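Overview (structure and organization)
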Amino acid sequence: VSFREATPFGVPRLAASASPGESEPPAPPSARRPKLKDFGLAPLVVLFILNAVDEFDRAVLAVALDSIREDFGLSDLTVALLPLAVIFITGIISLPAGNWSDRWRRVNILSAGAIVWGTAGLFAAASSNFIQLFLTRALLGFGQGTIIPTHGSLLSDYYPVSVRGRALGYHRSANPLGQVIGAVIGGIIVGAVGWRWGFAAAIAAALNEVATGPCECVGRMTERIGFAVAVIIGADIEPDFRHPLRM
């Protein structure tokens, strides 16, 4: 006999064990829990990198605000308008970007947003006065506004409900990671060579993401970068595109 059950009062109840010639009933088969790698990690890796780069730029701006204020002779109130320009335009563009994602090729929308984002970053680094810097930061918000609608739509296509929560969780974890890396690396660059080079470093990664062409940003580039990153972190995967991008 063995103590396997308890009475409502918490006292163990004796439960007879199986007789010597009788085997216990087999446990019901448990279904294997789906894993992210079953559906390919490469799309998630690339979208993770793009999301982290976006946060990298925001962190660089936060680090560079004091240098910008001194360079252009601005007040604290005036220089505080720079991050507001990005946030405001990003919020406005996110609404039509969601509609565009339902109608047009999301890969092109994502690539166009990255190109606008990178170009605006270059102009921001070359700004000669506050007005130019403010306008280029607002234009940068246009590119950033395409991130949430297109990323969410693509992740929903690539990953079914059984693993979608994990995919979205990993994707969102790029936000704090990008902020930390941006604050550290951006702080070093801004302190060493100035805020303009900090902006240039932030947009270099975004332009590299679309260097192979807008339509291939989540195509061949996804397999190349995603597999390389997976190998570096030691993940045992093979890039797998089971769900083709909707064109």
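Thresholds applied
Residues numbered from 1 in each chain as written. Predicted model: local features only at pLDDT ≥ 70, side-chain atom pairs only at ≥ 80, totals over all residues. Heavy atoms only, no water. Helix = DSSP H or I, 4+ residues; strand = E, 2+ residues; numbered from the N terminus. Buried < 20%, exposed > 50% of the residue type's maximum accessible area, 1.4 Å probe, protein only. Contact = heavy atoms within 4.5 Å. Areas by Shrake-Rupley, 256 points an atom, 1.4 Å probe, with all protein chains shown as cover. Phe/Tyr/Trp six-rings, centres within 6.5 Å; stacked < 30°, edge-to-face > 60°. Lys NZ or Arg CZ within 6 Å of the ring centre and 35° of its normal. Axes fitted to C-alpha atoms, helices over the stretch in contact; angles between N-to-C directions. Parallel < 35°, antiparallel > 145°, perpendicular 65-115°, else oblique. Left-handed = near helix turned anticlockwise from the far one by under 90°. Nonpolar A, V, L, I, M, F, W, Y, C, P; charged D, E, K, R; others polar. Core = buried A, V, L, I, M, F, W, Y, C linked by side-chain atoms within 4.5 Å. Salt bridge = Lys/Arg side-chain N within 4 Å of Asp/Glu carboxyl O.

Some points on the overall build of the protein chain
Scanning the protein chain from terminus to terminus reveals 10 helices and 2 strands. In the protein chain, which comprises 247 residues, the proportion classed as buried is 39%. The contacts in the protein chain between residues at least 6 apart in sequence include a share of 77% that link residues at least 24 apart. As presented, the protein chain carries roughly 13400 Å² of accessible surface, and 66% of it is formed by carbon and sulfur atoms.

Description of the packing of aromatic side chains
The final tally for this structure, using the stated rule, is 5 aromatic pairs. Ring centres 5.8 Å apart and planes at 70° place the aromatic pair Phe 72 and Trp 195 in the edge-to-face group. One end of the pair, Phe 72, is in helix 1 (residues 42-72); the other, Trp 195, is in helix 9 (residues 195-209), with 123 residues separating them in the sequence. Comparing Phe 72 with Trp 195 shows no difference in burial state: the two are buried. Aromatic side chains Tyr 158 and Tyr 159 sit 6.3 Å apart centroid to centroid with 45° between the ring planes, which places their arrangement in the tilted category. Taking relative accessible area as the criterion, Tyr 158 reaches 3% and is therefore assigned buried. Overall, the relative accessible area of 0% leaves Tyr 159 in the buried class. Grouped by ring-pair contacts, the aromatic residues Phe 72, Trp 195 and Phe 199 constitute a single cluster. Cation over ring: Arg 137 sits above Phe 199, and NZ or CZ is 5.0 Å from the ring centre.

A few points about the packing of helix 1 against helix 8 (residues 174-193)
Where helix 1 meets helix 8, the axes come as close as 7 Å, and the angle between the chain directions of the two elements is 40°. By the criterion of interaxial angle, the relationship of helix 1 to helix 8 is oblique. You can see that helix 1 and helix 8 cross each other, and the crossing is right-handed. Together, Phe 48, Asn 51, Ala 52, Glu 55, Phe 56, Ala 59, Val 60, Val 63, Ala 64 and Ser 67 of helix 1 and Ala 174, Asn 175, Leu 177, Gly 178, Gln 179, Ile 181, Gly 182, Ala 183, Ile 185, Gly 186, Gly 187 and Val 190 of helix 8 make up the contact between the two elements. Grouping the amino acids of the contact of helix 1 with helix 8 by side-chain chemistry returns 13 nonpolar, 8 polar and 1 charged.

A short note on the nonpolar core
If you look at the biggest cluster of nonpolar residues, it comprises 18 residues, and the most contacted ones within it are Ile 68, Phe 72, Leu 82, Leu 133, Trp 195 and Phe 199. It is helix 1 that contributes the most residues to this core, 7 residues altogether. Leaving out residues up to four positions away in the same chain, Leu 133 has contacts with Ile 68, Phe 72, Leu 82, Ala 124, Ser 127, Trp 195 and Phe 199.

Some details on the pattern of salt bridges
On inspection of all chains with the given rule, the structure shows 6 salt bridges. Linking Asp 76 and Arg 69 is a salt bridge whose minimum nitrogen-to-oxygen distance equals 3.3 Å. For Arg 69, a relative accessible area of 23% puts it in the partly exposed group. Linking Arg 106 and Asp 157 is a salt bridge whose minimum nitrogen-to-oxygen distance equals 2.7 Å. Placement of the pair is Arg 106 in helix 4 (residues 106-125) and Asp 157 in helix 6 (residues 147-158), with a sequence separation of 51 residues. Its relative accessible area of 1% is what places Arg 106 among the buried residues. A single salt-bridge network, built from bridges that share partners, covers Asp 66, Arg 69 and Asp 76.

A short note on the environment of His 151
Its place among the elements puts His 151 in helix 6. Separated by 107 residues in the primary sequence, His 151 and Leu 44 place their C-alpha atoms 9.2 Å from one another. Those residues in contact with His 151 that sit more than four places away from it in its chain are Leu 47, Leu 50, Asn 51, Leu 110 and His 171.

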